[in-house]
Each structure stands twice: as structure tokens, then as C-alpha cells.
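As a plain string of letters, each chain reads:
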Amino acid sequence: MRNIIHKMMRKVFTPLPCGGAGGGSFLLLLILSLVGFTSCNNQENGTSKVVLNEVLSLNKNNFQDDYGVHNAWIEVFNKSYGTVDIAGYKLAVYNGTGDTVIYNVPKGDVLTKIKPRQHALFWADGEPNRGTFHTICTLDSIGGNWVGLYDNGGKLIDEIEVPTLEADHSYARLDDANSKWVVKGGDNASSYVTPSTNNMTIEKNEKQEKFAQQDADGVGMAITAMSVVFMGLIILYISFRLLLKPLLTFLQWITNKVQLLLKPLAGFFQWTKNAIVCIFKRKDRNNKNNLTETMTENQSISKTESKEEEVYAAIAMALHEEMNNVHDIESGILTINRCTSAWNAKHLMLRK
Amino acid sequence: MGEFINFLGNNLADFWTYTGFANATPGHLIMILVGLFFIYLAVAKEFEPMLLIPIGFGILIGNIPFNTEAGLNVGIYEEGSVLNILYQGVTSGWYPPLIFLGIGAMTDFSALISNPKLLLIGAAAQFGIFGAYMIAMAIGFEPSEAGAIAIIGGADGPTAIFLSSKLAPSLMGAIAVSAYSYMALVPVIQPPIMRMLTTEKERLMRMPTPRKVSHTEKVIFPIVGLLLTCFLVPSGLPLLGMLFFGNLLKESGVTRRLAETARGPLIDTITILLGVTVGASTQASEFLTMDSVLIFALGALSFIIATTSGVLFVKLFNLILPKHKRINPLIGNAGVSAVPDSARISQNVGLEYDPTNYLLMHAMGPNVAGVIGSAVAAGILLGFLM
């Protein structure tokens, strides 16, 4: 088995004929490129950390701002598990008439850092002089509104068409960061308007309550959990009992395939390298009189020669020792004399 | 002059109110005695000295009485105090995974790889956890508390701390001390159960020498182990991830320095911090409750159940195994993950009956399987109850 893996590793990491970069380095480069490509791709299609979460366009008796005024508001939510600074983000509102009004979230205010799974509330009061969270935007309480959120790179990360709402009713995600939007404003616990708090209030641990009700004696948990523990370790057992050999064979197969794939690429790199060398040679021909070429050739020849010389020297030495009988004659008896040192001295030991 | 003497007298009286003597309660004294008992066990009996010395001394530190209203900010439960900062590693749960990193870097999984069916003993012994869970539920603990208490049966201190910090932070001190105490008492708890459940013939049973495991298998094991167990129970990732990572550092053969750091200075540092802070968390006011007494009782029960289920499982397993592949039931106790203590118990009890029957190598298989099993079990409890 060790031989297989050694062979495999050697095949993967054997320097390619292209000289400079080894196959291993090339493979590493290839993998890193793939990872980079994949992550770029993810970033483009991925969802943002901050989303629009709830909008209230007509505020009569709802939440008041710091000035004691009832104004329309827009809530954003950091759905990630890390703090996000929304300084430089843009909040845009379009209500069907005129231009889209864009508010740049100011930089330099520590309050723009939204903690994990927390909210920030922006007042759509058209009074940006009142503070970071008072925007130049206003919401149309009669018609609908389009609200967009752009990141500090100017990329649209979230948008929502807010329908016409009754007074003190909000248009909100069913739960924080949920994809479903609903109108909230009733007396039902799931339809409260919730500025700066969770859209759905969690009052109990459903999992624990379920266990307390349905599995009061713990037998269900014991059976389920023991099944999972056994399953996990049985899978591990099967993997090592039955699948190890096929796995190694598979690895070998993959290695061969990679090697086959790399061959044409190696050829391509060799060709590219030769082409570049040729170009440089032409450029330098007039000035250096083919000095580079000669040096390169000399170096490679000297390297080969030095290796060959070492081999010849080793063979000559072996022949000399054999023919002239100059080997040491050893008794074959190994004697170890006990001696005291700091390593075995009892008084220096940590324990008795 | 009289006023000055009065002033001095008041100062001394004030000072007296700050001293431990003025603030001592019977609870503090009881806990100090418990701490001294732990230190005695460690020094005189050599029961898990690496754990009991830090924990025992930590109990002394945590139970020095002081005037909490004086704003000294020295108590472990006072936010911002030095002890409280050190305790963050326990409450936030990052000490246990680092301990697991060290355990991984010092564990040799060869016995398990050469005889993978020993994994099943490690799984069976986890019944100690779920048996204790059922009893805790019957006593009236909430499911999350029952889960946190039950993990004591895994005989795995870091796992117990990790899980209790998530499921029942208020019980963590009692659970941690209970788990480590019973781990130290493995040589007392397990042998009578093993003797009681096995026959003379079974104890003399010899097992075939395990085959030599190749370097490739050792390298593949932590990778495959991580992928399989964590895909099944992702909530066990902090513990299992670090365990297998530490093992790969050891087995890869190319990260010798990292492995040595993980199994040497790093695990020693974390053990010191973990032991002292867990010990210090047993402040009498927080620790001496009826719940703590129940937790200690349940902890003992869970150890007994785990040992029993491990030994009985081997006996049952032998019924379906061919004769030449049968397992000595004395290694069944090693399914609890007190590494390597429970494996050493198998060896010692085996040697009592046959001085040439060395079971240590075989017992290490279920023992390390127990480490994996208890981390998986913790992941399951976390997934279900968090």
C-alpha cells in the first residue's frame, strides 16, 4: 500500500519536462485557480450579508424617532454571524414619480456597524441633518414604493416593491431574512410590527418543548441518538473494512487521469517557454553574441556531467574497495556501555 | 488622640469586613475541604494528577471568601476579573476543542484501524450517556439539562464542558467537576463491574495480535473519519474537527513540530487553564446545591451504565463472531473515552487472571472509538436540544 501511494505521489509531483515549475507546483496552481474561480463565481451569485427586512410607509402611532416624531422607516438586517459595517452603503427609494432618491450611509459613525443577527432602522423623513439614520428619502404613503439597498461598491444587494399599506402596517419578511414578505400590523403575535427587533418573536425552544412533551422519559432520544452513534461508527467501520482498497485504487486512477491531463499542458508550457527563450535570444543576439544560449547550454551540460561524474566516482570507489579488499573487518559484536547523564539521573527526574 | 484611635479602630474593622475570615461560610469551608481532598487523591493516590491538581487548587482559589459588595472584581463570576477572562475559554467553549487537538496529536488509531469492529464497542458504551439521560429526565431535569448531565457518562471531560457550556451553563461547574472526578475514579469504579459481568473463561480469552497498520492507512484515517462523522453530525465539528486535525498532524509525518506543540506545550497550557478555572467555578454559593448532588449521583450511574453496556455488548457480539475472532469482554469497559485510563484498567484486570495476556493494545481500539463516539453523541445532543 505504501508503494502505491509513493508511486502515486511521485507521479503527481514529478517535475514536468517544462523544467521551471514542477508538476506539483503546477497542480497546486491549478487547484488554487479552480478554488479562486469557484469563490469568484459564488460571490457573484451569492447573497449579501445585509438585507432589507421591514418597511413602514405610513406611521401614525407606531415607533417614534429620537425627536419624538412619527416617521416612515426602513429596517435592514445583518443576517450573517459577523459584524457588518454598512458605512458607504446606499439606500434608494423610488415611488413612481420623479427620480430615485439615494441616501449614502455616512462613514465614521460606529453605529453603522451592525452586530451579527441585529437590525438597523433608517428613518425615511427627508431630514438627513438629524443623524446618520435619518435619510433624505421619503416614502409615499398612498402609492407603492420601490426600496433598494446597494453595498459600498454600488452593487444592488437587495430590493423590494412595497405595496400601499394601511397606517401603522408594515411590509416585512415573515421572519428575519426570510424570502417571503407579508403585511404585518394585526394583533396576532406573528404579525406584530417590529421595528429594530426580530420579525418573529421566539418565546420558547420548540425542540426542547417537543422532547419534554413527546419524550418525557427520554427513551426516544436514547434510541435515536444510539442509532446515530452506531450508524456513524458503522459507516467508519465499513469504510475501513471494505472501502479502503477501492479508495486507494480510485486515487491511483485519479492520479493517472491527472497525469494524462497534465501531459498536453506540460507540452504547451514547454512550447511557450521555448518560444519565449527564442524571442529573448533574438533580441540579445546582436549585443551578447549568443552568450545566453551558450551559458544555458553549458550550465545544463555541466549539471548533467557533474551527476554522471558522481555516479562514476561511486562505481570506481566500490570497485576499488572490492578489488583491493579495503573493507573494515568488523567483529559483529555491539557493546553499549552504561553511563550516567542528565537524561537518566534519578535526581533530575520530575517524578519518582 | 481618642478620635485618632477611634479612626484606626474603624479602619481595622473595615479591613476585617474585607477578609476571608469575616466572609467565610460553611459552604466555603466544605468546598475547600473538597479541593484539599482532590489534591490528596492526586498526590497520595496518583489518581489523574494532571487533572485533579489544577482542579483541586482551582477549588481552593474559587472558594476564598471575600466581600462581593466591595467591588474587588476578583471572583470568577464577576465580569472583567482576571479569573473571569480565563474562564471565557470554558464558557465560550474554546478550551475543549484545543484539548481535543492535543489528544488527536497524541492518539495512535492503529489498534482501531487494524480491527475496525472495535469501533462498535465504543458506540455501545455511549449508552451510558443516554441511560443517564433517561434517568435525569425521570428525576425531573429539563431535556437540555438532562443532556448536559448525561454526557458525564462519556467519560470525557472536555466534551462534558463543551456540551454543558452550550446546553446548561448554570450546571457546568458541577458537571465538569463530576466528569473529571469520575474519570479519576475509573480504577475504582470499573474493575468490580468487569469482574461481575465476566466469567473466568472469558477473562482468560486471548485475542489475535493486531496486524501492522501502514502509514497510508494512518494518514487516511483522520481525513475519512472527519468527513464521515462530521457529515453525519455537523454539530460535533469543533471537537471532531480538532481531534482528527491533531491526528493528521501526528500521522502525516511532515508536521512533526506542529504535532509536538499540539500534544505538548499547547495541551499542557490549556489543561492548566481549564483545570484551574473549572475548579474555581465551583464557588460554594453556586456549587453547593441539590442539583450538584443529583449531578454527582447521575454521573456515577452513567459511568456504571457505560461500563456495563460496553462489557455486555462484547459478550453479545461474541455470539455472532467466529471463534478465532472473539473479543475478550474485559476490553468492553474501554468503550468509555477516558483515554488511556480505561484501557489500562482492561490490561490490569486481564493481567490479574493471566500474567501473559496483554490486552492494552486491543483495549486502545474501543478506547479511542469512545472518544469519537462521545464527541458524536455530544453533537447529537447539541443538534437535538440546542
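Treat the numbers as computed from the prediction; the structure is a model and nothing was measured.

Caption draft 1: Highlighting the sheet that holds strand 1 (residues 50–56) of chain A. All names here are of chain A. Taking strand neighbours across the sheet as the criterion, the five strands line up as 7-2-1-10-11 in an open arrangement whose pairing is antiparallel. Strands at the two margins of the open sheet, each flanked by one partner only, are strand 7 (119–123) and strand 11 (181–184). Within this sheet the neighbouring strands show an average axis-to-axis angle of 30°, counted without direction. Pairing geometry for strand 2 (residues 73–78) and strand 7, over five bridges, is antiparallel. In the sheet register, Ile74 faces strand 7, and the bridge partner there is Phe122.

Caption draft 2: Spatial organisation of the packing of helix 5 (residues 82–91) of chain B against helix 17 (residues 256–280) of chain B. Residue and element names in this part refer to chain B. Contact geometry of helix 5 with helix 17 gives a least axis separation of 9 Å together with a crossing angle of 110°. One element, helix 5, and the other, helix 17, form an angle in the roughly perpendicular class. Crossing geometry of helix 5 relative to helix 17 is assigned as left-handed. Within the contact between the two elements, helix 5 uses Leu83, Leu86, Tyr87 and Val90 and helix 17 uses Leu273, Leu274, Thr277 and Val278. Taken together, the residues of the contact of helix 5 with helix 17 break down into seven nonpolar, one polar and no charged.

Caption draft 3: A look at the pattern of salt bridges. Residues and elements named next belong to chain B. In this structure the tally under the stated criterion is nine salt bridges over all chains. A salt bridge links Arg195 to Glu352; the shortest N-O distance between them is 3.0 Å. Of the two residues, Arg195 sits in helix 13 (residues 186–197) while Glu352 sits in helix 20 (residues 341–353), which places them 157 residues apart along the sequence.

Caption draft 4: Structural context of helix 16 (residues 237–252) of chain B. All names here are of chain B. Here helix 16 is 16 residues long and its end C-alpha atoms lie 21 Å apart, about the 22 Å a rise of 1.5 Å per residue gives. Looking at helix 16, one finds that the buried residues are Leu239, Leu240, Gly241, Leu243, Phe244, Gly246, Asn247, Leu249, Glu251 and Ser252. Looking at the buried positions of helix 16, the neighbouring elements they touch are helix 6 (95–106), helix 11 (157–167), helix 15 (215–232), helix 17 and helix 21 (360–385). Gly253 sits one or two residues past helix 16 and shows a positive phi near 80°.

Caption draft 5: Looking closely at the pairing of strand 5 (residues 101–104) of chain A. Residue and element names in this part refer to chain A. Looking at chain direction, strand 4 (residues 90–94) and strand 5 are connected through four bridges and run antiparallel. Each bridged residue has a counterpart across the sheet, and for Leu91 the counterpart in strand 5 is Tyr103. The antiparallel hairpin formed by strand 4 and strand 5 contains six residues in its connecting segment, where Gly96 sits at a positive phi of about 95°.

Caption draft 6: Examining a nonpolar patch on the surface more closely. On the surface, Leu247, Phe250, Leu251, Trp253 and Ile254 of chain A cluster together to form a nonpolar patch covering roughly 420 Å² of accessible area. Assignment of secondary structure puts Phe250 of chain A in helix 5 (residues 244–288).

Rules used in this analysis
- Residues numbered from 1 in each chain as written.
- Chains lettered and ligands numbered in written order.
- Predicted model: local features only at pLDDT ≥ 70, side-chain atom pairs only at ≥ 80, totals over all residues.
- Heavy atoms only, no water.
- Pairing = 2+ DSSP bridges.
- Helix = DSSP H or I, 4+ residues; strand = E, 2+ residues; numbered from the N terminus.
- Axes fitted to C-alpha atoms, helices over the stretch in contact; angles between N-to-C directions.
- Parallel < 35°, antiparallel > 145°, perpendicular 65-115°, else oblique.
- Left-handed = near helix turned anticlockwise from the far one by under 90°.
- Contact = heavy atoms within 4.5 Å.
- Nonpolar A, V, L, I, M, F, W, Y, C, P; charged D, E, K, R; others polar.
- Salt bridge = Lys/Arg side-chain N within 4 Å of Asp/Glu carboxyl O.
- Expected span 1.5 Å × (residues − 1).
- Buried < 20%, exposed > 50% of the residue type's maximum accessible area, 1.4 Å probe, protein only.
- Patch = residues over 30% accessible without salt bridge, like charges linked within 9 Å, V, L, I, M, F, W, Y side chains within 5 Å.
- Areas by Shrake-Rupley, 256 points an atom, 1.4 Å probe, with all protein chains shown as cover.

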